[in-house]
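Residue-level structure breakdown
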Amino acid sequence: MKLLRLTLKNFKGIRRFTLEPNGANCTVYGANEAGKTSLVDAYLWLLFGRDSQNRADFAIKTLDQNGQVIPGLEHEVEGVFDLDGRKLTLRRVFREKWTKKRGSATTIFSGHETLYYVDGVPVKEKEYQARVAALADETVFRLLTDPYHFNRNLSWQERRRILMEICGDITDQEVIVSDPSLSELPSILGNRSIDDHRKIVQARMSKINQELREIPTRIDEATRALPDVPDIDEAELQSQIKALYDVLAEKQAALAQVSSGGAIAEAKVALRECEAEIQRLRNEQAARQAERTGELRRKLIEAKGQVDVLTTEIAVAKRRMVQLLDDAQAVEREINSLRIQWHERNKQEFVFEQDTICPTCGQPLPQEKLTEAREKALAEFNLAKARDLEEISNLGKRRRAEYEEIMGEYNWLSAKLAEMEAELVKRQAEVDRLKAELEAANNDTDIALDNAIKAAMERKAELEAEIERLQADNREAIEKVRREIDAINGQIKDLSQTLARIQARKAGLARIEELKAQEKALAAEYERLEKELYLCEQFVRTKVNLLEERINSKFRYARFKLFEQQVNGGIAETCVTLYKGVPYPDLNGAAKINIGLDIINTLAEHYGFYAPIFIDERESVTNLIPVNSQVISLVVSPRDKTLRVEIEEDTLLKEAI
């Protein structure tokens, strides 16, 4: 793709300018702010609607001398391109929209609109974008037209991705085959990746390191914890303890024999028998008492229940009687009110006022008409009065019947209440009688049983006194045997403590040997893991070298550092552009431009698309490296206050209007 002509009209600060390289390389000269960058902005806006800083909302409109927007202008960029011998003309116009409301003679500003043309034919925005996208993706286009874009605007991750896309990655098998020392790695890895296995190995080595640091401390702690023991055989010590336990058993048997002397044992048996007899007699006494009072208690509970029921029924009857009296009084008041209404209505007299003059004609009315009207009014009055009196009378009769019904229920309840109160007195008397009988039954005891219990208690006291006397006689003998038992227990305790120290020392020594064996095994495992980690790192280093060699072989001048060594010995991914070992940010302006052109050459070959390259700050480069694309150089020239264009082998002077 080559640029044949680029025409700007009212674009930013340029009123009209045409760049016409006709597909050849050209150089645009101009002082600062003369409009060189505006050419690049116009070129990119024509294609993608954005400026060189990737902004879609930059200021396009032309300003007057006071910095104010000149209204009513159309802002336009048109480009003519050569696509392998076929011309393509693209045009984009940005203008204001002025509308006139119905009935108004003036127009008002209502916004902006953008118009699109392909080969002079108006098209919609989506069609225009599709036509441009068919040439190249915007991201790819910027890579191929701006020598600074790859290294300045892209993140290192995106740069690395593009390089990998161009050169392809290297498989693990290719890396292993390239270095015979890595032949053991597949069997070590199994189904794990290099990164996963390295993480596992490093985690395990870190844990082993921690354990190896702790083991000497544990051995020292175990050594210091070993108890001092006498020079005695463990088996002999256990034999002495067993012999003492045998003697102890004999002494305990002797103590039991002394403690359970014959007379004392007989006395204790008699005491237990006496206590059992006392308990039997008391149980029999309680059973007889329950037999005498059980029926009385049942009758008393039943009588109390009847009293409670009557008390409740009396309370309910009293509340009902109060309610009935209230209802009767209310009905009686209503009857009295109806009686008054009847007499008042009955006393009402017929009153008739009649106009003797016709309201229509003003003539006196005939006497027969007057008489007829009076008789009709009197009949209606008498009929209404009779109907009202009958209605009041009927309502009074109904209220009287209701009153008599209420009072009938009240009188019935009054008689019923008297009966219930009399019955309550009888029931309460029955309760009092049963209480007295129950109290008398409780105080009535069986004299024979009382005497038998008293005699048994006296016998128990005698037996307890006899046992106390016999035990006092044996106490001295028992105390002697107990002292002997305590002495034997003391010897057993001392020997057992010594045995425990011997066994603890034995266990401590075994633990020390176990820790030493563990230390040896961990050291061997650590050595094996070190070898596996070395193989993983050697794999990464080999892959790094192969990958960088493959990628760098695609470029003539640029070199790329895709990995960097970390302090901990690991390797981290990166993407740094180098030229003769110098990182891109540290290069001078000329080197940055040529490195950018070298990258564009490789990318254009990879994507199979060549686009015009705009080189800003071209004055910093004496010699450009050869490129296969059209080059448009932008040179700062203080003496050129307006843009001047030179085309290779043919110089044309053009100025911005």
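Residues numbered from 1 in each chain as written. Predicted model: local features only at pLDDT ≥ 70, side-chain atom pairs only at ≥ 80, totals over all residues. Heavy atoms only, no water.

1. Re the overall build of the chain
In terms of regular secondary structure, the chain is built from 13 helices and 14 strands. Relative to the 2.2 N^0.38 estimate, which gives 26 Å for 657 residues, the radius of gyration of the chain is 63 Å and therefore markedly larger than a compact globule would have. If you line up the chain on its principal axes, its C-alpha atoms span 165 × 155 × 45 Å. Counted over contacts in the chain with a minimum sequence separation of 6, partners at least 24 positions apart contribute 69%. Carbon and sulfur atoms provide 50% of the accessible area of the chain, an area that totals close to 39,900 Å². Averaged over its 99 positive side-chain charges, the chain has a centre that lies 5 Å from the centre of its 113 negative ones. (Helix = DSSP H or I, 4+ residues; strand = E, 2+ residues; numbered from the N terminus. Rg over C-alpha atoms; globule rule 2.2 N^0.38 Å. Contact = heavy atoms within 4.5 Å. Areas by Shrake-Rupley, 256 points an atom, 1.4 Å probe, with all protein chains shown as cover. Lys, Arg positive; Asp, Glu negative; His and termini not counted. Charge placed at Lys NZ, Arg CZ, Asp CG, Glu CD.)

2. Focus: the sheet that holds strand S6 (residues 107-118)
Pairing between the strands of a sheet comes from backbone hydrogen bonds, and it takes one of two forms, parallel or antiparallel. Pairing is antiparallel in the open sheet, where six strands are placed in the order S2-S1-S4-S5-S6-S7. What marks the edges here is a single partner per strand, and that holds for strand S2 (14-19) and strand S7 (121-123). With strand direction ignored, the average angle separating the axes of adjacent strands in the sheet is 20°. Relative to S2, strand S1 (residues 2-11) runs antiparallel, the two sharing five bridges. Its bridge partner being in S2, Phe 11 is matched across the sheet by Ile 14. Lying on the sheet, helix H1 (residues 36-48) is in contact with S1, S2, strand S4 (74-83) and strand S5 (86-100); it crosses S1 at an angle near 100°. Across the sheet, helix H2 (residues 125-135) touches S4, S5, S6 and S7, and the angle it forms with S5 is around 155°. (Pairing = 2+ DSSP bridges. Axes fitted to C-alpha atoms, helices over the stretch in contact; angles between N-to-C directions.)

3. Let's talk about the side chain of Lys 543
Assignment of secondary structure puts Lys 543 in helix H12 (residues 447-552). Asp 172 provides the closest opposite charge to the buried, unpaired Lys 543, separated from it by 4.0 Å. Contact partners of Lys 543, with chain neighbours within four places excluded, come to Asp 169, Ile 170, Asp 172 and Val 175. (Buried < 20%, exposed > 50% of the residue type's maximum accessible area, 1.4 Å probe, protein only. Salt bridge = Lys/Arg side-chain N within 4 Å of Asp/Glu carboxyl O.)

4. Section: the packing of H1 against helix H3 (residues 138-145)
Running from N to C, H1 and H3 cross one another at 160°; their axes reach a closest spacing of 12 Å. Our classification of the angle between H1 and H3 gives roughly antiparallel. Crossing geometry of H1 relative to H3 is assigned as right-handed. Where H1 abuts H3, its residues Tyr 43, Leu 44, Leu 47 and Phe 48 lie against Glu 138, Phe 141 and Arg 142. Within the contact of H1 with H3, the residues separate by chemical class into five nonpolar, no polar and two charged. (Parallel < 35°, antiparallel > 145°, perpendicular 65-115°, else oblique. Left-handed = near helix turned anticlockwise from the far one by under 90°. Nonpolar A, V, L, I, M, F, W, Y, C, P; charged D, E, K, R; others polar.)

5. Brief notes about the pairing of S1
Most of S1 sits inside the fold, with seven of its 10 residues counted as buried. Connecting the antiparallel pair S1 and S2 is a turn made up of two residues, with Lys 12 showing a positive phi of about 55°.

6. Structural notes on the pattern of salt bridges
With the rule as written, the count across this model stands at 37 salt bridges. Here Lys 531 makes a salt bridge to Glu 184, at a shortest N to O gap of 3.5 Å. One end of the pair, Lys 531, is in helix H12; the other, Glu 184, is in the loop between helix H6 (172-178) and helix H7 (185-189), with 347 residues separating them in the sequence. Taking relative accessible area as the criterion, Lys 531 reaches 47% and is therefore assigned partly exposed.

7. Focus: the confidence of the model for the chain
Predicted coordinates in areas of low pLDDT are best not read in detail. Looking at the chain, pLDDT values average 87 and 96% of them are 70 or higher. Low pLDDT, under 50, characterises residues 650-657; the stretch is placed with 23 contacts to residues that sit more than four places away or in other chains. (pLDDT = per-residue confidence, 0-100.)

8. Some remarks on the packing of helix H5 (residues 156-167) against helix H13 (residues 589-607)
Across the interface, H5 lies against H13 with an axial gap of 11 Å and an inter-helix angle of 55°. Judged by the angle between their axes, H5 and H13 are oblique. Crossing of H5 against H13: the hand is left-handed. Residues Ile 162, Glu 165 and Ile 166 of H5 lie in contact with H13, whose contacting residues are Thr 602, Leu 603, His 606 and Tyr 607. Of the residues in the contact of H5 with H13, the class split is four nonpolar, two polar and one charged.

9. Quick notes on the domain arrangement of the chain
Along its sequence, the chain is organised into domain 1 (2-145 + 611-647) and domain 2 (297-352 + 365-444). Distance between the C-alpha centres of domain 1 and domain 2: 110 Å. (Domains from an automatic or database assignment.)

10. Quick word on the sheet that holds strand S9 (residues 571-579)
Strand order in the open sheet formed by three strands is S8-S9-S10, and the pairing between neighbours is antiparallel. Either end of the sheet is taken by a strand with one partner, and the two such strands are strand S8 (559-565) and strand S10 (582-583). Taken strand by strand, H5 contacts S8 and S9, and its axis lies near 80° from that of S9.

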